[in-house]
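Residue strings, one per chain:
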Number of protein chains: 4
Amino acid sequence: MEIINKSRLEAFSDGVIAIIITIMVLQINVPTRGSWSAILAPNFLITFGSYILSFMFVASFWVSHHMILAPVKTVSKKLLWVNLLLLLPMSVLPTVTTWHNDFVNSVAPSVCYIAIYTFCVLGLFVLSKGAMKHVGESHIKMMESVAKIRFWMVMFGLVSTIGTFFIPQIASISVMLILVGYHTSVFILNKKKWHGLIL
Amino acid sequence: MEIINKSRLEAFSDGVIAIIITIMVLQINVPTRGSWSAILAPNFLITFGSYILSFMFVASFWVSHHMILAPVKTVSKKLLWVNLLLLLPMSVLPTVTTWHNDFVNSVAPSVCYIAIYTFCVLGLFVLSKGAMKHVGESHIKMMESVAKIRFWMVMFGLVSTIGTFFIPQIASISVMLILVGYHTSVFILNKKKWHGLIL
Amino acid sequence: MEIINKSRLEAFSDGVIAIIITIMVLQINVPTRGSWSAILAPNFLITFGSYILSFMFVASFWVSHHMILAPVKTVSKKLLWVNLLLLLPMSVLPTVTTWHNDFVNSVAPSVCYIAIYTFCVLGLFVLSKGAMKHVGESHIKMMESVAKIRFWMVMFGLVSTIGTFFIPQIASISVMLILVGYHTSVFILNKKKWHGLIL
Amino acid sequence: MEIINKSRLEAFSDGVIAIIITIMVLQINVPTRGSWSAILAPNFLITFGSYILSFMFVASFWVSHHMILAPVKTVSKKLLWVNLLLLLPMSVLPTVTTWHNDFVNSVAPSVCYIAIYTFCVLGLFVLSKGAMKHVGESHIKMMESVAKIRFWMVMFGLVSTIGTFFIPQIASISVMLILVGYHTSVFILNKKKWHGLIL
């Protein structure tokens, strides 16, 4: 007697992620001068580049969220909460990104930055584990392979978080490596194993 | 000739609640220093902890909203308005939470804080009462048991509001007790009575 | 070969209206003191009361929008644009409301305030006229009666706008009269003519 | 085994576009005086006029987005990413518009302004090319004609961007010409070729 369909879970998540991805751009201050130098200043370039990167990251989380829930039909109350706990670290992304941009070479903001990103990937991992219980046999294998990749990304994130305590620059590089690494692995997996199946 | 389906009511509520849950995080000021002390300062910890708590609260309201409307098929114009009147106190949550955080030991912000939360629970109670008219026999009993719990939460909220006039610290504790109390009661109910049914 | 269904028109409108209704509350400044006098100050009470009123207004617009589109099945490209032109004055509501609150006794903000509200009601009127072309025979009569009420509200709004040029206080009163007048008329109509039909 | 339906792609895009269209109005500063001169000042008129224009532009993008995806049934992971890359320049629109408004006669903001708009039209062009792969035979011809118009709009935007390096005023005029030109072309096409078909 599970009466909950997944559409509202998706709609609510879409709303929250749409707001997160859009408010990050609000934190780009409109330059106070009208010259090229205003946007070529290192400060502006870092902020803007970081926005593009964060956009790609949140976009990537959304695509993953989409892929995890696509084969699911009904959801349990527990899955609603797992999803909400994934949205929690995601909602902190804009704040922690701004803090990290302001102090790229400081330990504390860098550690928080990579830690929050790792939490988001962990959230997706837990969500996919939960989603597997609501999915037909045919999808389980694919989902498990991707979950394994995600697991190693979480491990890599944790090691990077520890490393960032000593060398703060590790944070930015690791975040980028997780983004690139995850998509490359899934891409190769799709090619090699499932011949065009989508995950 | 009820031509209104519930999907738009849900979509609009999802939008409003998604915005409420996300703008609360905007009120966390990005620390102006890059050291650990910046986020370990009591002020920041209170703000951040309060954000987590508020997130859990709004998330819990959303799950309740979801559960109340899940068995409903069509809605009346009256239910649209009941739902809007529930969203009104919810929309004030970010503002009253910030005010309360700024003056945790003052009477006025504490009374408003607990009062608005009580209003939200009251709104959910009225919404569930209204939803029962659009629900099949099989769900009525479950919904009535949960409505009873919600009724006692409202009563507890009202008593706490009065108590907060004398001891402002009651507000924070009561808000947490309502969150924990409600979920524990529903959890026990689910286990004991409905063997895994979801509410 | 009309391939457009109405669900995206509704979803987009829901999103825009949800943001409008929520950002208005952001304009309530969190009081800078923790005493009762901070929220009992006339300035705060006007701002807060005006928020409640605006919330009711936008909520009422949303319910009307809902009711107009409920019997519609497919939409034309023209209706998409009519809907967007309705959302344009609605999006200006928060700004014009704040300006009016700041200068309740000045002519210019009061005229703009009542004019924008009248534009919104006009937008709903035009939308309902457009929607009638996509609706079955059985709903036309009801929709025409409500459209007539809306037409007279627009007329009343126009007269009030002219009156506001001379007495600025007319604006607030007229806005309230339109809200109450519209709902009373529709309520009476429902009772008298359609015995419980919903519009 | 494409398990992805297009509804979430639409819902997420609706959310992002709804936020973009609404936050632009937040950048209109509420006038600090209550007189007519406050809103008749050239500065305010430029900001407000620019808001109306930007609203029409984003509205037009949304209608185009709607029309492109209407005949599509299922989507690929690639299309999800194409869509996200279209949303990226759109999310920068509010910021670049504000910068351009602040320095209408400067080269740098004008070049960025027209460049970002051109990117958005390019994004729609790429999206429609991608969508064609998921569309039945009957729609392909129409979509190709519209894609051709969009292609020339992108070309015109590129030439205008180069021209703006020499005469900054070209930016505003070109943006308006793209808006008017696109809709006129599609309107004529609809009349002449498809006798009322919608695109």
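The structure presented is a predicted model; accordingly, all values stated were derived computationally and were not measured.

Colleague: Even after reading the chapter, I still don't get the relation of the copies chain B and chain C, so can you show me in this structure?
Modeller: The pair of chain copies shares a relation made of a rotation about an axis and a shift along it. You can overlay chain B on chain C at an RMSD of 0.0 Å; the transform is a turn of 90° with a shift of 0.0 Å along its axis. What the rotation and shift describe, once combined, is the action of a four-fold rotation axis. Ranked by how close their C-alpha atoms come to the rotation axis, the residues of chain B are headed by Gly15 of chain B, at 4.2 Å. Looking at the interface residues of chain B, only 3% of them are also at the interface in chain C, so each copy uses its own face.

Colleague: Would you explain the environment of Thr47 of chain D in this entry?
Modeller: Residues and elements named next belong to chain D. Note that Thr47 resides in helix H3 (residues 42-69). What makes Thr47 partly exposed here is its relative accessible area of 25%. The spatial distance from the C-alpha of Thr47 to the C-alpha of Ser110 is 15 Å, given a sequence separation of 63 residues. Setting aside chain neighbours within four positions, we find Thr47 in contact with Gln27, Ile28 and Asn101.

Colleague: Sorry if this is basic, but what is going on with the layout of surface pockets here?
Modeller: Empty space left among the atoms is revealed by rolling a probe the size of a water molecule over them. The computed volume of the largest pocket comes to approximately 1000 Å³. Lining of the largest pocket is provided by 42 residues; of these, Ser7 and Ala11 of chain A, Ala11 of chain B, Ala11 of chain C together with Ala11 of chain D occupy positions nearest its centre. Counting residues per element, the ones that place at least two in the lining of the largest pocket are helix H1 (7-26) of chain A, helix H1 (7-26) of chain B, helix H1 (7-26) of chain C together with helix H1 (7-26) of chain D. Among the residues making up the lining of the largest pocket, the classes are represented as 17 nonpolar, 10 polar and 15 charged.

Colleague: Just to check I follow, could you spell out the side chain of His65 of chain B for this structure?
Modeller: The residue His65 of chain B is located in helix H3 (residues 42-69) in this model. Each residue touching His65 of chain B, except ones within four places of it in the same chain, is listed here: Arg8 of chain A together with Leu9, Ser13, Asn83, Leu86, Leu124 and Leu127 of chain B.

Colleague: Any chance you could explain the UniProt feature "transmembrane region" (unreviewed entry) in chain A here in plain terms?
Modeller: All names here are of chain A. Those places that UniProt annotates as "transmembrane region" (unreviewed entry) correspond, in this numbering, to residues 12-30, 36-58, 79-100, 106-128, 149-167 and 173-190. Spanning residues 106-128, this segment combines 96% helix with 0% strand, and its end C-alpha atoms are found 34 Å apart. End-to-end, the C-alpha atoms of residues 149-167 are 26 Å apart, and along that stretch the chain is 84% helix and 0% strand.

Parameters at a glance
- Residues numbered from 1 in each chain as written.
- Chains lettered and ligands numbered in written order.
- Predicted model: local features only at pLDDT ≥ 70, side-chain atom pairs only at ≥ 80, totals over all residues.
- Heavy atoms only, no water.
- Least-squares fit on C-alpha atoms with pLDDT ≥ 70 in both.
- Contact = heavy atoms within 4.5 Å.
- Helix = DSSP H or I, 4+ residues; strand = E, 2+ residues; numbered from the N terminus.
- Buried < 20%, exposed > 50% of the residue type's maximum accessible area, 1.4 Å probe, protein only.
- 1 Å grid on protein atoms, 1.4 Å probe; cavity = no way out; pocket = protein on both sides within 12 Å on 5 of 7 lines; lining within 4 Å.
- Points joined across faces, edges and corners; volume = space filled by probe spheres on them.
- Nonpolar A, V, L, I, M, F, W, Y, C, P; charged D, E, K, R; others polar.
- UniProt positions renumbered as here; feature names shortened; annotations may be inferred.

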